Amino acid sequence: MFPASTKTPHKQPRKQDEDSGTEVGEGTDEWAQSKATVRPPDQLELTDAELKEEFTRILTANNPHAPQNIVRYSFKEGTYKLIGFVNQLAVHYTQVGNLIPKDSDEGRRQHYRDELVADSQESAKVVISETENLEEDEEPKELETEPGSQTDVPAAGAAEKVTEEELMTPKQPKEQKLTNQFNFSERASQTFNNPLRDRECQMEPPPRTNFSATANQWEIYDAYVEELEKQEKTKEKEKAKTPVAKKTGKMAMRKLTSLESQTDDITKVSQAAKIVERMVNQNTYDDVAQDFKYYEDAADEYRDQEGTLLPLWKFQNDKAKHLSVTALCWNPKYRDLFAVGYGSYDFMKQSRGMLLLYSMKNPSFPEYMFSSDSGIMCLDIHVDHPYLVAVGHYDGNVAIYNLKKPHSQPSFRSSAKSGKHTDPVWQVKWQKDDMDQNLNFFSVSSDGRIVSWTLVKSELVHIDVIKLKVEGSTTEVPEGLQLHTVGCGTAFDFHKEIDYLFLVGTEEGKIYKCSKSYSSQFLDTYDAHNMAVDAVSWNPYHTKVFMSCSSDWTVKIWDHTIKTPMFIYDLNSAVGDVAWAPYSSTVFAAVTTDGKAHVFDLAINKYEAICNQPVAAKKKNKITHVHFNPIHPIIIVGDDRGHIICLKLSPNLRKMPKEKKGQEVQKGPAVEIAKLDKLLNLVREVKTKT
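This structure is a prediction, so every number in the text was calculated from the model and none was measured. (Residues numbered from 1 in each chain as written. Predicted model: local features only at pLDDT ≥ 70, side-chain atom pairs only at ≥ 80, totals over all residues. Heavy atoms only, no water.)

Chemist: Before we move on, can you summarise the overall build of the protein with the specific residues and values?
Modeler: Helices and strands together make up the secondary structure of the protein, namely nine helices and 32 strands. Per-residue burial over the protein gives 34% buried out of 690 residues. The long-range fraction of contacts in the protein, counting pairs at least 24 apart against all pairs at least 6 apart in sequence, stands at 48%. For the protein, the accessible area works out to roughly 49,900 Å², and carbon and sulfur atoms hold 53% of it. (Helix = DSSP H or I, 4+ residues; strand = E, 2+ residues; numbered from the N terminus. Buried < 20%, exposed > 50% of the residue type's maximum accessible area, 1.4 Å probe, protein only. Contact = heavy atoms within 4.5 Å. Areas by Shrake-Rupley, 256 points an atom, 1.4 Å probe, with all protein chains shown as cover.)

As structure tokens, this is what we get:
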């Protein structure tokens, strides 16, 4: 057997350099040549700085051509609704495939067929390889039988042909599965819309009974007589309990009796209806009620002696929409009930007036509602009889409303014959009963009169207590008479302990200290303000201190024994009202026409307010009045659009003395008086030095 390597394929010998003996490749001349860069003709010529400049482009997956206003029908709500989510997919190529899951029956069958075909191909390869091996074993035997013959030449030539064919034929590359370059898969799911269901329940019908009777003239007559006796008994009870109203005409009495007979059945349900209404409102305003009861602003711990006001309820009524809040007063017995007077401060826009009483238990609708022909400018509720409300009108009349009576007319009303004022009544105040146990109250008006009104039987009897006169304004007439310029009273307040002492503020900016005993002289005069005095108020603890505010933007605190103010605060806007806090002698609140509420605490900061906060519903609204609740840490403010807002004071606005170790915290009026006296003594020392 001859080796197959005796004949090798012919190859061209490589050239060698005669001098160096190194091999030289075929492409040496090409690499030796210098390569020149080829530029396209339309290429821009840029500098190095322009080439180094980077341009960033952010590619997003949002489709710019996707519609943004797709509307679909909602079967649940029964309307067309705008779809917020828009599909941003843009399809560039699709192809329908025929893929079959491996776990399915058809997939198992195909897999089984592929295995059978693969087994058959392997068995065929094994048979072919065995036959080739047998043929190779037989060829050398033939060569050995005839040595030296020319049979070896064709065998070597055949081997040479086989190797050349194998070298010349290129190998076919294996088939590779192309990967998905985008690697994108779209998945979607659809949920079923819940079907709408109606639930109904049936109540047991109320029990019914058949009633039948025969009536004759005598039975009808007896029924009428019993009804008249009931009405007379109710009238006698009212006369014994409350002051009797004026007698009205026969026609009015007939209307009242007819209304009472008709409303007998309604009054039985009214109490239950009112309770249900309060329950519904309590559920509606539950979050506000929770804030009123429990919320305390935790941020006050990190504020530097500053506080905030938390808005709670807002009270408004459509019938009083275009009227201003002219008076506020809490009920002395029912702490959640307060009265609101509606009118107008504009001389050119005088119309009707209203008296509403709201409860914090029902902020959506007033408990009592009374209307009047003239605007209500002031009101006051009696301490011992909380159902009696005294009001003063813009036309100069005063009236008393009785909340126990269902009709909307006042129980008592002044007239031109009974000495009504000739100018608007700016303030009314209830006084203690006189020697005959008759109810009485005072009123002040722009006509310069301070009048005492007494309820005698069924009439209002008036007595002029004092007539305000401007000092130094007397003019002599040629006939020898003297004319005095009348002072226009705007506000007054009575001393908490000394019954006969009271203060009166005027449009001229002066404050007069007066006595009920002297009708022609003033005890003292204070040059308080440059414009009209809007409010005057004694301190509830300290007997010497009172406060005043004016349209000249200032609030002043006075000691009535000194003619100069102790503290002056400029609030940068006309001050509508001021009020002392019932829990501290050094805390008071003021409201201005720019819609802000200012709360001061002299014990914390003597120079500026510790809370300045806009509280008006709108920027244009002017705050007209403010009032503290007697027991709860809240205030109510009213504006010139008829809105009343209830606000809760944060803990910094009602700081109480801290407890010291081993010592009890002293509380009471004496502590409050000492606290304010300490501040006043500092100011008095400075004034005496100057």
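On we go from here.
Chemist: Would you mind going over the pattern of salt bridges in detail, with residue names and values included?
Modeler: Using the criterion set out here, one finds 15 salt bridges in the structure. Across the pair Arg108 and Asp105 runs a salt bridge whose closest N-O atoms are separated by 3.1 Å. Taken as a pair, Arg108 and Asp105 lie in helix H3 (residues 105-145) at a separation of three residues, close to a single helical turn. Judged by its relative accessible area of 48%, Arg108 is partly exposed. Ionic contacts of the salt-bridge type, sharing partners, join the residues Lys274, Arg278 and Glu367 into one network. (Salt bridge = Lys/Arg side-chain N within 4 Å of Asp/Glu carboxyl O.)

Chemist: With reference to specific residues and values, describe the confidence of the model for the protein.
Modeler: In this model, the protein carries a mean pLDDT of 78, and residues with pLDDT of at least 70 account for 78%. Per-element confidence in the protein is highest for strand E27 (residues 587-592), whose mean pLDDT is 92, and lowest for helix H4 (residues 152-168), whose mean pLDDT is 47. A low-confidence stretch, residues 1-25 stays under pLDDT 50, and its non-local contacts, those more than four residues away or across chains, total 11 contacts. Across residues 244-248, confidence stays below pLDDT 50; counting only partners more than four residues off in sequence or on other chains, it has 11 contacts. (pLDDT = per-residue confidence, 0-100.)

Chemist: Run through the nonpolar core, naming residues and quoting values.
Modeler: In this structure, Leu355, Leu379, Val391, Ile400, Phe441 and Leu460 are the most contacted members of the largest nonpolar core, which totals 31 residues. Those elements that provide at least two residues to this core are strand E4 (324-330), strand E5 (337-343), strand E6 (353-359), strand E8 (376-381), strand E9 (388-393), strand E10 (398-402), strand E12 (425-430) and strand E14 (449-456). Once residues lying within four places of it in the same chain are set aside, the contact partners of Leu460 are Val398, Ile400, Phe412, Arg413, Ser414, Ser418, Phe441, Trp453, Thr454 and Leu455. (Core = buried A, V, L, I, M, F, W, Y, C linked by side-chain atoms within 4.5 Å.)

Chemist: Lay out the environment of Gly353 with the relevant residues and their values.
Modeler: Mapped onto the secondary structure, Gly353 falls in strand E6. Leaving out residues up to four positions away in the same chain, Gly353 has contacts with Tyr342, Phe370, Ser371, Ser372, Ser374, Gly375 and Ile376.

Chemist: Just give me the short version of the pairing of strand E30 (residues 623-628), but keep the residues and values in it.
Modeler: Counted residue by residue, E30 has five buried out of six residues, so it is predominantly covered. Across five bridges, E30 lies against strand E31 (residues 634-639) in antiparallel orientation. Within E31, the position partnered with Val626 by the bridge is Val637. Between E30 and E31, which follow one another and run antiparallel, lie five residues. (Pairing = 2+ DSSP bridges.)

Chemist: Which residues make up a negative patch on the surface, and what are the values?
Modeler: Where like charges cluster on the molecular surface, the negative patch consists of Glu219, Asp222, Glu226, Glu229, Glu232 and Glu236. Along the chain, the position of Glu229 falls in helix H5 (residues 217-241). (Patch = residues over 30% accessible without salt bridge, like charges linked within 9 Å, V, L, I, M, F, W, Y side chains within 5 Å. Lys, Arg positive; Asp, Glu negative; His and termini not counted. Charge placed at Lys NZ, Arg CZ, Asp CG, Glu CD.)

Chemist: I'd like to hear about the packing of aromatic side chains, residue by residue, with values.
Modeler: The way to describe two aromatic rings as a pair is by their centre distance and the angle between their planes. Applying the stated criterion to the full structure yields 23 aromatic pairs. The interplanar angle of 70 degrees and the centroid separation of 5.1 Å between the aromatic rings of Tyr73 and Tyr80 together place this pair among those described as edge-to-face. Tyr73 sits in the partly exposed class, given a relative accessible area of 39%. For Lys274, the ring lying beneath its charged end belongs to Tyr368, and the centroid distance is 5.9 Å. Taking NZ or CZ as reference, Lys404 lies 4.2 Å from the ring centre of Tyr387, over its face. (Phe/Tyr/Trp six-rings, centres within 6.5 Å; stacked < 30°, edge-to-face > 60°. Lys NZ or Arg CZ within 6 Å of the ring centre and 35° of its normal.)

Chemist: So, unusual backbone geometry: which residues are in play, and what are the values?
Modeler: Even without being a glycine, Trp553 presents a positive backbone phi close to 80 degrees. Residue placement: Trp553 occurs in the loop between strand E23 (545-550) and strand E24 (554-559). Using a relative accessible area of 41% as the deciding quantity, one classes Trp553 as partly exposed. The phi dihedral of Asn572 falls on the positive side, at around 65 degrees, and the residue is not glycine. Within the fold, Asn572 resides in the loop between strand E25 (567-570) and strand E26 (575-580).

Chemist: Let's hear about the UniProt feature "repeat: WD" (unreviewed entry) in the protein: which residues, and what values?
Modeler: Following the UniProt record, one finds the feature "repeat: WD" (unreviewed entry) at residues 526-559. Secondary structure content for residues 526-559 is 0% helix and 59% strand, and the end C-alpha separation is 11 Å. (UniProt positions renumbered as here; feature names shortened; annotations may be inferred.)

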